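Here is how the chains run, residue by residue.
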Amino acid sequence: IPYLSLTYKPRDGHNLSLSYTERLRRPSISMLSTYFDDSDPYNTSQGNPDLKAATTHTLSLKYNYFSPKWSGTFTLSGHLSNNGISSWTGVSEQGVSHTTYSNNVRSRTASARLSINYSPSEKFSVSFNGQGGYNHYRLPEEEITTEEFSFDQNLNMNVALWKAGSLSLGEGYNSGNANLGRKSGDYFYSYATLSQKFFKKKLQISLRCYNPFTKYQTYGS
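Residues numbered from 1 in each chain as written. Predicted model: local features only at pLDDT ≥ 70, side-chain atom pairs only at ≥ 80, totals over all residues. Heavy atoms only, no water.

(A) Here's a closer look at the overall build of the protein. When you go through the protein residue by residue, the secondary structure sums to one helix and 13 strands. Listing the helices and strands of the protein from first to last along the sequence gives β-β-α-β-β-β-β-β-β-β-β-β-β-β. Computed over C-alpha atoms, the radius of gyration of the protein comes to 23 Å, more than 25% over the 17 Å expected from 2.2 N^0.38 for 221 residues, which places it beyond the range of a compact globule. When its C-alpha atoms are laid out on the principal axes, the protein stretches across 70 × 50 × 30 Å. Within the protein, the fraction of its 221 residues that count as buried is 28%. Residue pairs at least 24 apart in sequence account for 49% of intrachain contacts in the protein once pairs closer than 6 positions are excluded. (Helix = DSSP H or I, 4+ residues; strand = E, 2+ residues; numbered from the N terminus. Rg over C-alpha atoms; globule rule 2.2 N^0.38 Å. Buried < 20%, exposed > 50% of the residue type's maximum accessible area, 1.4 Å probe, protein only. Contact = heavy atoms within 4.5 Å.)

(B) Seen up close, the side chain of Gln196. Following the sequence through the fold, Gln196 ends up in strand β12 (residues 187–198). Here Trp162 takes part through its side chain, which lies 2.5 Å from a polar atom of the side chain of Gln196. Not counting residues up to four positions away in its chain, the partners in contact with Gln196 are Trp162, Lys163, Ala164, Gly165, Leu203, Gln204 and Ile205. (Polar contact = N/O pair within 3.5 Å; in protein donor to acceptor, adjacent residues only side chain to side chain.)

(C) Expanded view of the pattern of salt bridges. According to the stated counting rule, one finds one salt bridge in the structure shown. The salt bridge partner of Asp12 is Lys9, with a shortest N-O separation of 3.9 Å. The two residues Asp12 and Lys9 agree in class, both being exposed. (Salt bridge = Lys/Arg side-chain N within 4 Å of Asp/Glu carboxyl O.)

(D) Spatial organisation of the pairing of strand β13 (residues 203–210). Two elements, β12 and β13, share eight bridges in a ladder whose sense is antiparallel. The residue of β13 that forms the bridge with Ser195 is Ser206. Where β12 folds back on β13, the antiparallel hairpin that results is connected by four residues, among which Phe199 adopts a positive phi of roughly 50°. (Pairing = 2+ DSSP bridges.)

(E) Seen up close, the layout of surface pockets. For the largest pocket, the calculated volume is near 460 Å³. If you go around the largest pocket, you meet 21 residues; those closest to its centre are Ala160, Trp162, Ala164, Gly165 and Lys201. Among the elements that make up the lining of the largest pocket, the one with the highest residue count is strand β8 (residues 144–162) (five residues). Surrounding the second largest pocket, 17 residues form its lining, Arg25, Thr56, Gly84, Ile85 and Ser107 being those nearest its centre. (1 Å grid on protein atoms, 1.4 Å probe; cavity = no way out; pocket = protein on both sides within 12 Å on 5 of 7 lines; lining within 4 Å. Points joined across faces, edges and corners; volume = space filled by probe spheres on them.)

Laid out in structure tokens, this is it:
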């Protein structure tokens, strides 16, 4: 599998890199199996023995910055594949659904990602991670096309409250994901963690509250 990486360091703490990767995804045995499963006569399935390994080409441009208090990474990347593997289900005129696998999924994705961390002292730090992109999937033989812009982010803060005790607060948002014939809805989450270390930091006990507002949220796909 070819892999190429070029790195340029203009000065201390700054790095710029450009990379290209070709990756393979091989089909599993169940995907290749010719066994016709009609245990449910209205929902049948069968593998595809003609599946080949899917190839994905990835091009990435990354910039890194490091200093005693600040660090950050900004990445632009693109992915391209013309023979992706995916399961799909069709329904016959008799109302019987049949699920199998295809080797002709064409995907195009482009994304930008930003990560920033600020630590002015050992008692306080804050970090942010965000990513946005465009996803396009197409199965030409069945005229199925799915495309969507997506965004997700996470903000986290850590504070030292007392000796060996700390508090972590965070929140995040995800606009949802897309794949061939499928889209998921957006969701929000939040969390808080109170930690205390004992015996010269050899033992840690934590109390965590995750997403206390779940009952007010809805999720669909």
